[in-house]
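A structural walkthrough
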Amino acid sequence: MGAIEEEEQQVIGDKDSSESDSHVLSSSSISVDISLPFPLLSSRLINLCKDLFKKWSNLEDSCFSIQTVSGGITNLLLKVTVKEENGNEVSVTVRLYGPNTDYVINRERELQAIKYLSAAGFGAKLLAVFANGMVQSFINARTLTPQDMRKPKLAAEIAKQLRKFHEVEIPGSKEPQLWNDLFKFYENASILQFDDAEKQGKYEAISFKEVYNEIVEIKELTGLLDAPVVFSHNDLLSGNLMLNDAEEKLYFIDFEYGSYSYRGYDIGNHFNEYAGYDCDYNLNPSTHEQYHFFRHYLRPDKPTEVSDKDLEALYIETNTFVLASHLFWALWALIQAKMSPIDFDYLGYFFLRYDEYKRRKDECCSLVRSYLSSRSSG
Ligand SMILES: Nc1ncnc2c1ncn2[C@@H]1O[C@H](COP(=O)(O)OP(=O)(O)OP(=O)(O)O)[C@@H](O)[C@H]1O
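Residues numbered from 1 in each chain as written. Predicted model: local features only at pLDDT ≥ 70, side-chain atom pairs only at ≥ 80, totals over all residues. Heavy atoms only, no water.

**A word on the overall build of the protein**
When helices and strands are counted, the protein shows 12 helices and 11 strands. Expected size for 378 residues packed as a compact globule is a radius of gyration near 21 Å; at 22 Å, the protein falls within 12% of this value. Seen along its three principal axes, the alpha-carbon backbone of the protein occupies a region of about 70 × 55 × 35 Å. In the protein, which comprises 378 residues, the proportion classed as buried is 55%. Working note: accessible area of the protein is about 17,300 Å², and carbon and sulfur atoms make up 48% of it. Within the protein, the 57 negative side-chain charges are centred at a point lying 3 Å from the centre of the 39 positive side-chain charges. (Helix = DSSP H or I, 4+ residues; strand = E, 2+ residues; numbered from the N terminus. Rg over C-alpha atoms; globule rule 2.2 N^0.38 Å. Buried < 20%, exposed > 50% of the residue type's maximum accessible area, 1.4 Å probe, protein only. Areas by Shrake-Rupley, 256 points an atom, 1.4 Å probe, with all protein chains shown as cover. Lys, Arg positive; Asp, Glu negative; His and termini not counted. Charge placed at Lys NZ, Arg CZ, Asp CG, Glu CD.)

**Structural notes on the sheet that holds strand β2 (residues 64–70)**
Where strands meet in a sheet, backbone hydrogen bonds hold them as pairs that are either parallel or antiparallel. Taken in spatial order, the 6 strands make up an open sheet running β1-β5-β6-β4-β3-β2, and their pairing is mixed. With one partner strand each, in any of the chains shown, β1 (26–28) and β2 form the two edges of the open sheet. Averaged over neighbouring strand pairs, the angle between their axes works out to 25° when direction is ignored. Across 3 bridges, the pairing between β1 and strand β5 (residues 126–130) is parallel. By the bridge assignment for β5, serine 26 is matched with alanine 128. The sheet strands contacting helix α3 (residues 107–119) are β5 and β6 (133–137), and the helix crosses β5 at an angle near 165°. (Pairing = 2+ DSSP bridges. Axes fitted to C-alpha atoms, helices over the stretch in contact; angles between N-to-C directions. Contact = heavy atoms within 4.5 Å.)

**Quick notes on the environment of aspartate 196**
With respect to the helices and strands, the residue aspartate 196 is situated in the loop between α6 (178–189) and α7 (197–204). A relative accessible area of 39% means that aspartate 196 is categorised as partly exposed. At a separation of 3.0 Å, a polar atom in the side chain of aspartate 196 contacts the main-chain amide nitrogen of lysine 199. (Polar contact = N/O pair within 3.5 Å; in protein donor to acceptor, adjacent residues only side chain to side chain.)

**Describing the packing of aromatic side chains**
Taken as a whole and assessed by the stated rule, the structure comprises 32 aromatic pairs. Measuring from centroid to centroid gives 6.2 Å for phenylalanine 165 and phenylalanine 231, while their planes differ by 40°, and the two rings are tilted. Taken together, the positions of phenylalanine 165 in helix α5 (residues 152–166) and phenylalanine 231 in strand β8 (residues 229–232) put the pair 66 residues apart, joining distant regions of the chain. Among the residues examined, phenylalanine 231 registers a relative accessible area of 3% and is labelled buried. Taking the ring centre of tyrosine 97 as reference, the NZ or CZ of arginine 107 above it sits at 3.6 Å. If you follow arginine 163 out to its NZ or CZ, it ends over the ring of tyrosine 297, 5.7 Å from the centre. (Phe/Tyr/Trp six-rings, centres within 6.5 Å; stacked < 30°, edge-to-face > 60°. Lys NZ or Arg CZ within 6 Å of the ring centre and 35° of its normal.)

**Considering the side chain of threonine 318**
Here threonine 318 is to be found in helix α11 (residues 308–339). The class for threonine 318 is buried, based on a relative accessible area of 0%.

**Points about the sheet that holds strand β10 (residues 249–252)**
The 3 strands lie next to each other as β7-β9-β10, forming an open sheet whose pairing is antiparallel. Taken across any chain shown, the strands that pair with only one partner, and hence form the sheet edges, are β7 (142–143) and β10. Strands in contact with α5 are β9 (241–244) and β10; relative to β10, the strand with the most contacts, it is inclined by about 50°.

**Some details on α6**
With 12 residues, α6 ought to run about 16 Å at 1.5 Å a step, and its terminal C-alpha atoms sit 16 Å apart, in line with that. Among all positions of α6, only Leu178, Trp179, Asp181, Leu182, Phe185, Tyr186 and Ala189 are buried. With its buried residues spanning 160° around the axis, α6 presents them on a single face. Here the buried face of α6 lies against α3, α7, α8 (208–223), β11 (259–262), α9 (263–272) and α11. (Expected span 1.5 Å × (residues − 1). Arc of directions from axis to C-beta.)

**So, the confidence of the model for the protein**
Summary statistics for the protein give a mean pLDDT of 91 and a share of 93% for residues scoring 70 or more. Scored below 50 in pLDDT, residues 1–22 shows 55 contacts in the model against residues more than four places distant or in partner chains. Our summary of model confidence lists the complex with pTM equal to 0.89 and ipTM equal to 0.95. (pLDDT = per-residue confidence, 0-100.)

**A look at the pattern of salt bridges**
For the structure shown, the criterion picks out 21 salt bridges. Taking the shortest distance from any N to any O, the salt bridge between glutamate 167 and arginine 163 comes out at 2.9 Å. In this structure glutamate 167 comes out as exposed when scored by relative accessible area, which is 53%. Via salt bridges that share partners, Arg142, Asp148, Lys151 and Asp245 belong to a single interconnected network. (Salt bridge = Lys/Arg side-chain N within 4 Å of Asp/Glu carboxyl O.)

Pasting the structure below:
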């Protein structure tokens, strides 16, 4: 793991610190309007970079080249490549937060987590922050596809890295945030109003009383499991996994939703992403695939030595929290349907996730209930 070459860290340095101290974070009060036309946006980004990094402040604008990496569902991500005086080329990413993303993302929590996760070798290095975004190192790797994630070798590597990720300690409260976040989403999602009549009609078809009761029921059920609490990524989809094939190096990126939560939630949420961007839940991982993942998660050094008892316990834990993950992203989608400027069928996404929740609910709940009763009678 580890996203930036040592060399690159030193090259960039920090505007307010000595050359050798590259760990003090550079910051600027500049804000860049995400909706600007590209040429104007580029010129603002150049000014921003010059303000943030002393080394670049005297370079001609022509030394900077800007490309869009991803429109994302949430942010705008740009790659800035800088030709420095010594002829070296350095690339960084600039992330501009999408408007209204504060409704679903706690930026303070994200920044706190990035500092410690990147120190532990995860994701891109955080190089600077500014009013509506951050600058990170550029990762030379390809983004995984949902099909890649389930390849046995990669699934084992993801499991191993996830185990390490879960061992990182982030200072501050260790209270699991899942249910707080879910109830907060519920509160915001249940009082929306859409100008578009068709959207409003679809929205009104949702029974929020039912959704509320489902959250309460799953919270109570998962509460019976004594699931370990760890710092969770909470959004481990293929787009947030990058691989440098030549170096066989896997990167977890995008810690926007990271928080202390239940390990089974993080794994279950990852498994829900096997369905890919089209939410084809026929692609949910089989028990065999899940056990393969669990073995490498539980015993990265000796995966064949995991006991059946431990495998079963993690299987139950994961497949209960799988339900919570559907509820979380279903409610997230409702808030996005109202708040996000991005043209995506978020309301449709709510129904995809909520319908899958309902389809799996009975099977998952009876699985955990029979497990708990066999445990108490045994
Ligand atoms: N530091 C980086 N270096 C290189 N490429 C990156 C980096 N960070 C992100 N990417 C690329 O950009 C894509 C989107 O990144 P990311 O998921 O962080 O953005 P996002 O706006 O949060 O998107 P979404 O809302 O869709 O999750 C990633 O799938 C990856 O391909």
